[in-house]
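Each chain is listed here by its residues.
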Amino acid sequence: VQLQASGGGLVQAGGSLRLSCAASGRTFSAYCMGWFRQAPGKEREFVAAINGNGGTTYYADSVKGRFTISRDNAKNTLYLQMNSLKPEDTAVYYCAAVRTFALLTTTWEYDYWGQGTLVTVSS
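The model shown is predicted, which means the values in this text are computed figures rather than measured ones.

Asks: What's the story with the sheet that holds strand S7 (residues 67–72) in this structure? I'm lost.
Replies: Two strands in a sheet stick together by hydrogen bonds in their backbones, pointing the same way (parallel) or opposite ways (antiparallel). Spatial ordering of the open sheet is given by S1-S3-S8-S7, a layout of four strands whose pairing is antiparallel. The open sheet has two edge strands, strand S1 (3–6) and S7, and neither has a second partner. Ignoring which end each strand starts from, the neighbouring axes of this sheet average 15 degrees apart.

Here is the structure:
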């Protein structure tokens, strides 16, 4: 599986962005997908995950109620809608995939990673 993330940019605090992650292959629905982020000088952290059919999602407490993860299996695409952005959301955002029916939330459990897209939130 190859992943290509896009949609990052510069936005003011309180604004919104939608990230996309295009995946190659014909079995996209067999993969649990996740979003992670890494701020300068910090470790990569979990943001959100969604199972293969899109019926189950899970969020980090820091983004719950502000971010929404979704997927379109017909288009092999993962999304992250980010609202009410804060300066502390500034980071490089990565999409990731692992072939499983489970919902996984740690970096080491994911097998495939996109190249990352930078989100900068100004105060």
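Having seen the model, we can carry on.
Asks: Is there a simple way to explain the pairing of strand S3 (residues 17–23) in this structure?
Replies: The side chains of a regular strand alternate, first on one face of the sheet and then on the other. Across the seven residues that make up S3, a large majority, five, are buried. Pairing geometry for S1 and S3, over four bridges, is antiparallel. Following the sheet pairing, Leu3 is matched in S3 by Ala23. Where S3 lies against strand S8 (residues 77–82), six bridges are found, and the strand directions are antiparallel. When the bridges of S8 are listed, Ala22 appears paired with Thr77.

About the thresholds
Residues numbered from 1 in each chain as written. Predicted model: local features only at pLDDT ≥ 70, side-chain atom pairs only at ≥ 80, totals over all residues. Heavy atoms only, no water. Pairing = 2+ DSSP bridges. Helix = DSSP H or I, 4+ residues; strand = E, 2+ residues; numbered from the N terminus. Axes fitted to C-alpha atoms, helices over the stretch in contact; angles between N-to-C directions. Buried < 20%, exposed > 50% of the residue type's maximum accessible area, 1.4 Å probe, protein only.

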